[in-house]
Amino acid sequence: MAVPTEPADVTVRGVEESDLGSVVRIERAAFGQPWPYTAFERFLDEPAFLVAIRDRDGADGPGRDGDVVGYVVGDVTPSFGRDVGHVKDLAVAESARGRGIGRSLLVRALVSLAIEGAKLVKLEVRESNAAAQSLYRDVGFETARRVDRYYRDGEDALVMVLDVPEWQAER
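In what follows, the accompanying structure is described. The model shown is predicted, which means the values in this text are computed figures rather than measured ones.

With that out of the way, let us pick up the overall build of the protein chain. Tallying secondary structure elements over the protein chain gives five helices and seven strands in all. Listed by position from the N terminus, the elements making up the protein chain come as β-α-α-β-β-β-α-β-α-β-β-α. The globule rule puts the C-alpha radius of gyration for 171 residues at 16 Å, and the 16 Å found for the protein chain is close to it. With respect to the three principal axes, the spread of C-alpha positions in the protein chain is 50 × 40 × 30 Å. Long-range contacts, defined as pairs at least 24 residues apart, comprise 63% of the intrachain contacts of the protein chain with a sequence gap of at least 6. Accessible surface for the protein chain amounts to roughly 9,000 Å². Of this, 46% is attributable to carbon and sulfur atoms. Mean positive and mean negative side-chain charge positions of the protein chain (22 and 30 charges, respectively) differ by 3 Å.

What follows is about the nonpolar core. Residues Ile101, Leu105, Leu106, Leu110, Val121, Tyr136 and Phe141 are the most contacted members of the largest nonpolar core, which totals 33 residues. Not counting residues up to four positions away in its chain, the partners in contact with Leu106 are Val87, Leu90, Leu135, Tyr136, Val139 and Phe141. Counting residues in each nonpolar core, the second largest holds 15 residues, with Val15, Leu20, Val24 and Val73 among its members.

A separate point is the packing of aromatic side chains. Pairs of aromatic rings are described using the distance from one ring centre to the other and the angle between the two planes. The final tally for this structure, using the stated rule, is six aromatic pairs. Seen from their ring centres, Phe40 and Phe49 are 6.1 Å apart, and the 35° between their planes marks the pair as tilted. Overall, the relative accessible area of 0% leaves Phe40 in the buried class. Look at Phe49 and you get buried, because its relative accessible area is 1%. A ring pair is formed by Phe40 and Tyr71, whose centres lie 5.6 Å apart and whose planes are at 90°; its orientation type is edge-to-face. With Phe40 in helix α2 (residues 37-41) and Tyr71 in strand β3 (residues 68-77), this residue pair connects regions lying 31 residues apart in the sequence. Like Tyr71, Phe40 is buried. One aromatic cluster in this structure is built from Trp35, Phe40, Phe43, Phe49 and Tyr71.

Rules used throughout
Residues numbered from 1 in each chain as written. Predicted model: local features only at pLDDT ≥ 70, side-chain atom pairs only at ≥ 80, totals over all residues. Heavy atoms only, no water. Helix = DSSP H or I, 4+ residues; strand = E, 2+ residues; numbered from the N terminus. Rg over C-alpha atoms; globule rule 2.2 N^0.38 Å. Contact = heavy atoms within 4.5 Å. Areas by Shrake-Rupley, 256 points an atom, 1.4 Å probe, with all protein chains shown as cover. Lys, Arg positive; Asp, Glu negative; His and termini not counted. Charge placed at Lys NZ, Arg CZ, Asp CG, Glu CD. Core = buried A, V, L, I, M, F, W, Y, C linked by side-chain atoms within 4.5 Å. Buried < 20%, exposed > 50% of the residue type's maximum accessible area, 1.4 Å probe, protein only. Phe/Tyr/Trp six-rings, centres within 6.5 Å; stacked < 30°, edge-to-face > 60°.

This is the structure:
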């Protein structure tokens with residue numbers, strides 16, 4: 001599996017509190033049941049809360065004064081010696097989709113979760129979201145099970161998992 005590279009005009013970095021307004025705007029545009037601002041605030045210190053910034057040449061250097069065009073939120077929970085990472089949220093602004101930004105965010109988050117000790121990473125995805133499922137499978141996730149009526153609107157979710165040591169060996 002080839003390691004994806006970031007698009008030339010995008011930098012992926014840890015989120016900063018000043019990014020949250022942009023993150024929430026992308027969230028609201030991407031999802032019918034968006035997280036509130038306070039939900040993102042709770043994850044500010046997580047190493048797998050990353051943003052993709054459209055680079056602009058400026059005094060602060062690339063990626064420092066550009067627009068947020070995507071984000072990923074992930075964390076690690078201890079689980080009887082086999083820590084579990086959880087990709088909780090991932091979105092890219094509609095104007096920036098189709099350029100590999102979501103893939104870059106996901107891979108960087110997986111690396112961060114692995115560094116934090118995750119041996120397994122899971123996520124939930126809407127059964128109807130074929131594009132996201134395709135991305136997740138392409139990166140190495142496999143469908144583990146379906147959860148009936150997971151979302152507030154009654155749609156089922158697929159729980160997908162990735163074995164981190166196996167994923168790392170393939171890279």
